[in-house]
Amino acid sequence: MVRAGLSPERITAAAADLADEVGFENVTLSALARHFGVKDASLYSHVRSLQDLRTRMAFLAGGELIDRIATAVAGRAGKDALAAFAGAYREFALERPGRYAATQIRIDQSLAADSPELRRTAEITYGMLRAYGLEEPDLTDAVRLLRSTFHGYCALEASGGFGAPRDVRRSWDKAVDALHIALEHWPREGTHDDD
C-alpha cells in the first residue's frame, strides 16, 4: 500500500486530475483510495468527507484559474484586459473541465470568507472592472454579467451546443466585444431617469 505520503494537498491534487479525466461529479473517495492503493478509511484522516474534498478542489482550481487570469491581464486595461481575462477563462474551462466544474460549486460562506483564492479572484476581477469607472452596486452586477456570459458560453461549447457552421472562437470574440461595449456604456445605479 502507498499510504505513506498522503496529505490533504496530495489527495486534492489527485482528485482534481481525476476530475479532468472522468468529470467532477464522478470523483469519489473510493476512486481516490484505489488510485493511492489504500482503503477508503485511510483518506478520512486527511479529508472529512466528499463535500470537504470538493471544497478543497474548488479552492485549488480557483487558485489555478485566477493565476492564469492574473498572468493574462498583467499590464493591460480596458478592452485588452477584458479580452485577456476572457481568453484565459475560456482556455481553462476547456482544457481543465473537471477543475473548471469545481470552480462552479457553491461554497459555504464561512469557508469562502477565509479563502485567499477567492479574495484574489475578487481583487483581480473588480480591479479590471474599475477601469471602466464602475463602483458598487454596479461592480457586482457587472461581475455577474461576465460570469454568466463566460460560464454559459463555455458550458455550451464544451457540450457541443453550438451547431451553426460559424467558427466558435469568432463568436466568442464578438461576445467579448459586446461585453466591452456594455461595460463602457453601463447603466449606472442611480442614473436612471424615472420621471
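Our structure is the block above this text.
Every value quoted in this text rests on a predicted model; they were computed, and no experiment measured them.

A. Examining the overall build of the protein more closely. Counting its secondary structure elements, the protein contains 10 helices and zero strands. When the elements of the protein are put in sequence order from the N terminus, they spell out α-α-α-α-α-α-α-α-α-α. Across its three principal directions, the C-alpha atoms of the protein cover 70 × 40 × 35 Å. The 195 residues of the protein split such that 39% are buried. Across the protein, contacts joining residues at least 24 apart in sequence account for 68% of those joining residues at least 6 apart. When the accessible surface of the protein is split by element, carbon and sulfur atoms take 52% of a total near 10,900 Å². When the 24 positive and 29 negative side-chain charges of the protein are each reduced to one mean point, those points stand 7 Å apart.

B. Here's a closer look at the pattern of salt bridges. All chains considered together, the criterion is met by 12 salt bridges. Put simply, R48 and D52 hold a salt bridge, and the shortest N to O gap is 3.6 Å. Linking D67 and R120 is a salt bridge whose minimum nitrogen-to-oxygen distance equals 2.3 Å. Separated by 53 residues along the polypeptide, D67 in helix 4 (residues 50–73) and R120 in helix 8 (residues 116–130) bring together distant segments of the chain. Assessed through its relative accessible area of 40%, D67 is described here as partly exposed.

C. Up close: helix 5 (residues 78–95). Here helix 5 contains 18 residues, and its C-alpha end-to-end distance of 26 Å stays within 8% of the 26 Å for a straight helix at 1.5 Å per residue. For helix 5, the elements touching its buried residues are helix 4, helix 6 (97–103), helix 8, helix 9 (138–158) and helix 10 (168–184).

D. Molecular detail of the side chain of S115. Summarising the element assignment, S115 is placed in the loop between helix 7 (109–112) and helix 8. Judged by its relative accessible area of 2%, S115 is buried. Within the structure, S115 has its side chain in polar contact with the side chain of E117 (distance 2.9 Å).

E. The arrangement of the packing of aromatic side chains in detail. For the structure on display, the rule yields six aromatic pairs. Ring centres 5.5 Å apart and planes at 80° place the aromatic pair Y89 and Y100 in the edge-to-face group. Here Y89, found in helix 5, pairs with Y100, found in helix 6; they are 11 residues apart in sequence, far enough to count as distant. As far as burial versus exposure is concerned, Y89 and Y100 are alike and both buried. Residues F150 and W172 carry aromatic rings whose centres are separated by 5.5 Å and whose planes lie at 40° to one another, so their mutual orientation is tilted. Here the residue F150 occupies a position in helix 9, and W172 occupies one in helix 10, the gap between them amounting to 22 residues. W172 carries the same exposure label as F150, and that label is buried.

F. Quick look at the packing of helix 1 (residues 8–22) against helix 2 (residues 29–36). Between helix 1 and helix 2, the least distance of the axes is 10 Å, while the angle of their chain directions is 110°. As the angle between them shows, helix 1 and helix 2 are arranged roughly perpendicular. On helix 2, the residues touching R10, I11, A14, A15 and L18 of helix 1 are A31, L32, H35 and F36.

G. Main features of the environment of G75. With respect to the element layout, G75 can be found in the loop between helix 4 and helix 5. For G75, a relative accessible area of 91% corresponds to the exposed category. In sequence terms G75 and P97 are 22 residues apart; their C-alpha atoms lie 28 Å from each other.

H. Structural detail: the packing of helix 1 against helix 4. At a minimum axis separation of 9 Å, helix 1 and helix 4 run at an interaxial angle of 80°. Here helix 1 is positioned roughly perpendicular relative to helix 4, judged by the angle of their axes. For the pair formed by helix 1 and helix 4, the contact residues are P8, I11, T12, A13, A15, A16 and A19 on the first element and L53, R56, M57 and L60 on the second. For the contact of helix 1 with helix 4, the per-class residue count stands at nine nonpolar, one polar and one charged.

Definitions and limits used
Residues numbered from 1 in each chain as written. Predicted model: local features only at pLDDT ≥ 70, side-chain atom pairs only at ≥ 80, totals over all residues. Heavy atoms only, no water. Helix = DSSP H or I, 4+ residues; strand = E, 2+ residues; numbered from the N terminus. Buried < 20%, exposed > 50% of the residue type's maximum accessible area, 1.4 Å probe, protein only. Contact = heavy atoms within 4.5 Å. Areas by Shrake-Rupley, 256 points an atom, 1.4 Å probe, with all protein chains shown as cover. Lys, Arg positive; Asp, Glu negative; His and termini not counted. Charge placed at Lys NZ, Arg CZ, Asp CG, Glu CD. Salt bridge = Lys/Arg side-chain N within 4 Å of Asp/Glu carboxyl O. Expected span 1.5 Å × (residues − 1). Polar contact = N/O pair within 3.5 Å; in protein donor to acceptor, adjacent residues only side chain to side chain. Phe/Tyr/Trp six-rings, centres within 6.5 Å; stacked < 30°, edge-to-face > 60°. Axes fitted to C-alpha atoms, helices over the stretch in contact; angles between N-to-C directions. Parallel < 35°, antiparallel > 145°, perpendicular 65-115°, else oblique. Nonpolar A, V, L, I, M, F, W, Y, C, P; charged D, E, K, R; others polar.

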